[in-house]
Amino acid sequence: MKIKFTKMHGAGNDFVVIDAISQAISFTPAQWKKIADRRFGVGADQMLVVEATRLADVDFRYRIYNADGGEVEQCGNGARAFARFVSEKGLSDKQVIRVETLAGIIEPALQADGGVTVDMGAPILQPSQVPFDNAGLAGKTNGGDTLWPLEINGKTVLFSVLSMGNPHAVQIVENTEQAPVAADGPVIERHPRFPKRVNAGFMQIVDRHHIKLRVFERGAGETLACGTGACAAVVAGIRQGLLDSPVAVQTHGGVLSIAWAGNGQAVKMTGPAVTVFEGEIEI
C-alpha cells in the first residue's frame with residue numbers, strides 16, 4: 001500500500017508525519033523501522049502520526065514511533081511539527097490545540113513568527129514514576145535536586161533523573177563537543193536502573209540563561225535536537241541552582257527556548273517547525 005507523508009524537522013530533529021485521519025494505516029515495528037531508514041526508506045528520527053481523538057475536549061491524538069520501530073510516550077520537537085502540520089493541512093484553524101499523547105495532554109500554540117510554543121506539562125521528579133530504580137543508591141543533594149551515581153563504562157557519573165512524559169538522565173559536562181556521547185550514550189540508554197530505557201543528556205552550562213546540549217535518544221541514537229531533552233536539562237539546571245528561566249538551549253540543529261517557573265509548574269518550550277517536502281512511500 002502507498003502512504004502519503006510529509007517530511008518535517010524541528011531544529012534538525014527530523015520526522016515523517018502521517019495523516020491517519022484521511023488514510024488508514026497499521027504498521028508493524030519493522031515497517032516503521034523501514035520508513036525511518038535513511039538509505040532504504042524516507043529517513044527520520046521519529047515518525048509522527050495524526051489521529052482522531054475520542055476525548056471531548058481534545059483536538060487530536062498524537063502517536064510517536066522511534067527509528068527503531070518502537071512507540072514512545074512523548075516527543076517535544078515533534079509536537080511543534082505536529083501543530084504546524086495540522087495547521088498547514090487545514091485539519092485545524094486554531095492557534096492553540098489540545099493534543100492527546102501516551103504521556104497525557106499537551107497544548108502546542110502557533111506563534112506569529114512561525115515558531116511554536118508547547119506547554120509540555122510539569123516534570124515528573126519522583127524516581128519511581130520516571131521510572132528509575134534508585135534502590136540502594138546514595139543520592140547526592142545539589143540545590144533542590146538529587147543526583148544519582150551510576151557506573152558508566154568504568155566511571156561513576158552523577159545524573160539528574162526526571163521525566164517529561166519520557167525518561168531522561170541528565171549529566172553536566174565541561175564541553176559538549178568533547179563529551180563521550182557516542183561511547184556512553186548507549187550504555188546510559190540501556191542501564192538496568194531504567195526499566196523503560198532512558199534518554200541521555202549531556203549539558204554544558206554557558207551562563208545562567210544559556211546551555212549547550214547533546215542528547216542520545218532512546219531508540220534513535222544522537223539527534224540534532226531533542227525537545228523533551230532540552231526541557232529536562234533546563235529543569236535539572238534550575239533545580240540545582242545553576243540556571244534561571246528562560247534558558248536558550250543550543251543544540252547542533254538550532255536553538256530552543258525553555259521556560260520553567262519551578263516545582264509543580266508546566267515547562268514551556270518554543271522553537272521552529274519546518275516542512276521540508278511531501279511524498280509517498282509503498283509499504
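Residues numbered from 1 in each chain as written. Predicted model: local features only at pLDDT ≥ 70, side-chain atom pairs only at ≥ 80, totals over all residues. Heavy atoms only, no water.

A.B. asks: Just checking my understanding: could you explain the overall build of the protein for this structure?
C.D. replies: Within the protein, the secondary structure is distributed over four helices and 19 strands. Structurally, the protein occupies a C-alpha span of about 50 × 35 × 35 Å along its principal axes. Looking at the 283 residues of the protein, the share that counts as buried comes to 53%. Contacts in the protein between residues far apart in sequence, at least 24 positions, make up 60% of those at least 6 positions apart. With the model as given, the accessible surface of the protein reaches about 12,000 Å², and the carbon-plus-sulfur share is 49%. (Helix = DSSP H or I, 4+ residues; strand = E, 2+ residues; numbered from the N terminus. Buried < 20%, exposed > 50% of the residue type's maximum accessible area, 1.4 Å probe, protein only. Contact = heavy atoms within 4.5 Å. Areas by Shrake-Rupley, 256 points an atom, 1.4 Å probe, with all protein chains shown as cover.)

A.B. asks: Explain the packing of aromatic side chains to me, please; I cannot follow it from the model alone.
C.D. replies: For any pair of aromatic rings, geometry is given as the distance between the ring centres together with the angle between the planes. On inspection of all chains with the given rule, the structure shows seven aromatic pairs. Relative to phenylalanine 82, the ring of phenylalanine 60 has its centre 6.0 Å away and its plane inclined at 70 degrees; by these criteria the two rings are edge-to-face. You can see phenylalanine 60 sitting in strand β4 (residues 60-66) and its partner phenylalanine 82 sitting in helix α2 (residues 76-88), a full 22 residues away along the chain. Phenylalanine 82 matches phenylalanine 60 in its accessibility class, with the two residues each being buried. Seen from their ring centres, tyrosine 62 and phenylalanine 82 are 4.9 Å apart, and the 50 degrees between their planes marks the pair as tilted. With a gap of 20 residues between them, tyrosine 62 in strand β4 and phenylalanine 82 in helix α2 connect regions that are remote in the sequence. Residues tyrosine 62 and phenylalanine 82 agree in their burial class; the two are buried. Pairwise contacts between aromatic rings join Phe27, Trp32 and Tyr65 into one cluster. (Phe/Tyr/Trp six-rings, centres within 6.5 Å; stacked < 30°, edge-to-face > 60°.)

A.B. asks: What should I look at first to understand the pattern of salt bridges in this one?
C.D. replies: One side chain can pair with another of opposite charge once the charged atoms of both are near each other. Applying the stated criterion across every chain yields a total of 18 salt bridges. A salt bridge links aspartate 244 to arginine 208, with the nearest nitrogen and oxygen atoms 2.6 Å apart. Of the two residues, aspartate 244 is situated in the loop between α4 (227-239) and β16 (247-251) and arginine 208 in the loop between β13 (199-207) and β14 (210-217); the sequence distance between them amounts to 36 residues. Take arginine 208: its relative accessible area is 37%, and that puts it in the partly exposed class. A cluster of three or more residues bridged by salt bridges with shared partners is formed by Lys7, Asp14, Arg38 and Asp45. (Salt bridge = Lys/Arg side-chain N within 4 Å of Asp/Glu carboxyl O.)

A.B. asks: Just to check I follow, could you spell out the environment of leucine 110 for this structure?
C.D. replies: Its place among the elements puts leucine 110 in strand β7 (residues 104-110). In this structure the C-alpha to C-alpha distance between leucine 110 and alanine 83, which are 27 residues apart in sequence, comes to 7.2 Å. In contact with leucine 110, not counting residues within four places along its chain, are Ala83, Arg84, Ser87, Lys94, Gln95, Gly115 and Val116.

A.B. asks: Can you walk me through the state of the cysteines in this structure?
C.D. replies: What is meant by a disulfide is a covalent connection between two cysteines, made through their sulfur atoms. Going through the model one piece at a time under the given rule, you end up with zero disulfides. The thiol of cysteine 75 is unpaired, and the distance to the nearest cysteine sulfur, on cysteine 226, comes to 6.9 Å. Relative accessible area serves as the criterion here: at 6%, cysteine 75 is assigned to the buried category. (Disulfide = S-S within 2.5 Å.)

A.B. asks: So what exactly am I meant to see when it comes to the nonpolar core here?
C.D. replies: The tendency in soluble globular proteins is for nonpolar side chains to be buried side by side. Tyr62, Phe82, Ile211, Val249, Ile258 and Val267 are the most contacted members of the largest nonpolar core, which has 50 residues in total. Per-element accounting of this core gives the leading share, eight residues, to α4. Beyond its immediate chain neighbours, meaning those up to four positions away, isoleucine 258 contacts Ala230, Cys231, Val234, Ser245, Pro246, Val247, Val249, Val267, Lys268 and Met269. Among the nonpolar cores identified, the runner-up in size contains 18 residues, and Val130, Phe132, Trp148 and Phe159 belong to it. (Core = buried A, V, L, I, M, F, W, Y, C linked by side-chain atoms within 4.5 Å.)

A.B. asks: Please clarify how the pairing of β14 should be interpreted in this entry.
C.D. replies: The side chains of a regular strand alternate, first on one face of the sheet and then on the other. For β14, a buried count of six out of eight residues is recorded, marking the element as mostly surrounded by other parts of the structure. Where β13 lies against β14, seven bridges are found, and the strand directions are antiparallel. Residue pairing for β14: phenylalanine 202 is matched across the bridge by arginine 214. With antiparallel pairing between neighbouring strands as the criterion, β13 and β14 make up a hairpin whose turn holds two residues. Pairing geometry for β14 and β16, over three bridges, is parallel. Residue histidine 210 lies in a different strand from β16, and its bridge partner there is alanine 248. Across three bridges, β14 lies against strand β15 (residues 221-223) in antiparallel orientation. (Pairing = 2+ DSSP bridges.)

A.B. asks: Would you take a moment to explain α4 for this structure?
C.D. replies: Each turn of an α-helix holds 3.6 residues, which means side chains three or four residues apart point in the same direction. The end-to-end C-alpha separation of α4 is 18 Å, in line with the 18 Å expected for 13 residues at 1.5 Å each. Among the 13 residues in α4, 13 count as buried, and that is most of the element. Among the residues trailing α4, glycine 241 stands out with phi positive, at a value near 80 degrees. (Expected span 1.5 Å × (residues − 1).)

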